[in-house]
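Read off the chains here:
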Protein chains: 2
Amino acid sequence: MAGHGGSVAGSDAEVERLLDVLAAEGGRRTAARRAIVAAFVATAGAVTADELTARVQADAPDVNQSTVYRVLEALEAAGAADRAETGREAAAWHLVAGDHHHLRCSVCGRVEEVGTDAVAALAAAVEAETGFVLSDHLVLTGRCARCGRR
Amino acid sequence: MAGHGGSVAGSDAEVERLLDVLAAEGGRRTAARRAIVAAFVATAGAVTADELTARVQADAPDVNQSTVYRVLEALEAAGAADRAETGREAAAWHLVAGDHHHLRCSVCGRVEEVGTDAVAALAAAVEAETGFVLSDHLVLTGRCARCGRR
DNA sequence: GTAATTGCAAAGCTTTTGCAATTTA
DNA sequence: TAAATTGCAAAAGCTTTGCAATTAC
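Nothing here was measured: the structure is a model prediction, and the numbers come from that model.

Least-squares fitting of chain B to chain A yields an RMSD of 0.2 Å, with the superposition described by an axial translation of 0.0 Å and a rotation of 179°. Those values place the two copies in the arrangement expected of a two-fold rotation axis. Considering only C-alpha atoms, the residue of chain B closest to the rotation axis is B:Leu122, which sits at 3.0 Å. Interface overlap between copies is the fraction of interface residues in one copy that are interface residues in the other; for chain B against chain A it reaches 100%, indicating a shared surface.

This is the structure in structure tokens:
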């Protein structure tokens, strides 16, 4: 494999891009940040801060969880990551990609994905009505097909 | 005023209705539940468990916060109340009314309301696509008009 | 050199839970 | 009397924060 520690082609560039995003706001390129961002990029979908910390520490055991939280917060502030509150459990973090949203069942807790298409019209309506620009990663709550309505 | 402790005309009936809802699931009518439900009904919009506890304790100082949490949970399970996670802060609880949703700005934290009309089409699309029935009280995140997009 | 970043540990906050005592049906 | 409910206190879980040491610029 090219790159360091099992990275995938293309990922390195994405990691650097995100470090650039942080650097653009006065941030610095540190080993910890690179490890965290790399682990984040290597993640398919959403992760909790806890899961991400575990993945980071698999490669870089010295990186502390509080640093993970701080980097996630910095990415969020820069608009590169989204924190999706899921309710009872820890927040789910995504890199901003904008291709799906989440549906969380308030009965069984299961989380499904739904494409952005269904939400696009809503986003337009909300923006027209209120000027509010919806996130690329919403968490919509309700009852899943299995748990039914009541 | 009619009724006990500054209640408003019509509210008493609503309080009893909610106690009925709980009773229908095997619940019992207790003084604590009546105080909590009354305070909840007397609240215009959303409250946190903490705020609700304060209001309850203004009239009934002996009611414990854990009881407030348990009643909210029971109302949620009965479909009479909705817990809306707002992100950093405590969850916002609503009686199910179904006339609006919330928009939370991830930059400034401000929460706006938006009517159900804008969401109705989304709800239909999501249900058609996934069988998922959206909640009557969603919390949609994004950036408000003031904070703009980035 | 200066400001940002980090690790560590501790604190903060909301929410949940165990249990004995009390109350409702 | 049996089951549900309550208060109290403690625990749990996620996230944030103070601070001194380190590191990037």
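Near DNA strand C you find 22 residues, and of these A:Arg28, A:Thr30, A:Thr67, B:Arg28 and B:Tyr69 are the closest. Counted by atom, the contact set of DNA strand C within 4 Å of the protein is 66% sugar and phosphate. Note that a base nitrogen of DNA strand C is positioned 2.7 Å from one of the side-chain N or O atoms of A:Arg28. At 2.9 Å, a backbone N or O of B:Ala91 approaches a phosphate oxygen of DNA strand C. Of all the elements in the fold, those that place two or more residues in the surface near DNA strand C are α2 (31–41) and α4 (65–77) of chain A together with α4 (65–77) of chain B.

The parts lose accessible area when they come together, and the size of an interface is often stated as this lost area. At the junction of the two partners, chain B supplies 40 residues and chain A supplies 40 residues. Buried surface at the junction of chain B and chain A, both sides included, amounts to about 3100 Å², of which 55% is carbon and sulfur. Viewed at the interface, chain A and chain B are joined by zero salt bridges. Counting every contact that joins chain B to chain A gives two residue pairs in polar contact (both at pLDDT 80 or more). Broken down by element, the side of chain B that touches chain A gets its largest block of residues, eight residues, from helix α5 (residues 117–130) of chain B. Across two bridges, the pairing between strand β6 (residues 139–143) of chain A and strand β5 (residues 133–134) of chain B is antiparallel. Following the sheet pairing, A:Arg143 is matched in β5(B) by B:Val133.

So, how was this worked out
Residues numbered from 1 in each chain as written. Chains lettered and ligands numbered in written order. Predicted model: local features only at pLDDT ≥ 70, side-chain atom pairs only at ≥ 80, totals over all residues. Heavy atoms only, no water. Least-squares fit on C-alpha atoms with pLDDT ≥ 70 in both. Contact = heavy atoms within 4.5 Å. Near = heavy atom within 4 Å. Polar contact = N/O pair within 3.5 Å; in protein donor to acceptor, adjacent residues only side chain to side chain. Helix = DSSP H or I, 4+ residues; strand = E, 2+ residues; numbered from the N terminus. Buried area = accessible area lost by both parts, 1.4 Å probe. Salt bridge = Lys/Arg side-chain N within 4 Å of Asp/Glu carboxyl O. Pairing = 2+ DSSP bridges.

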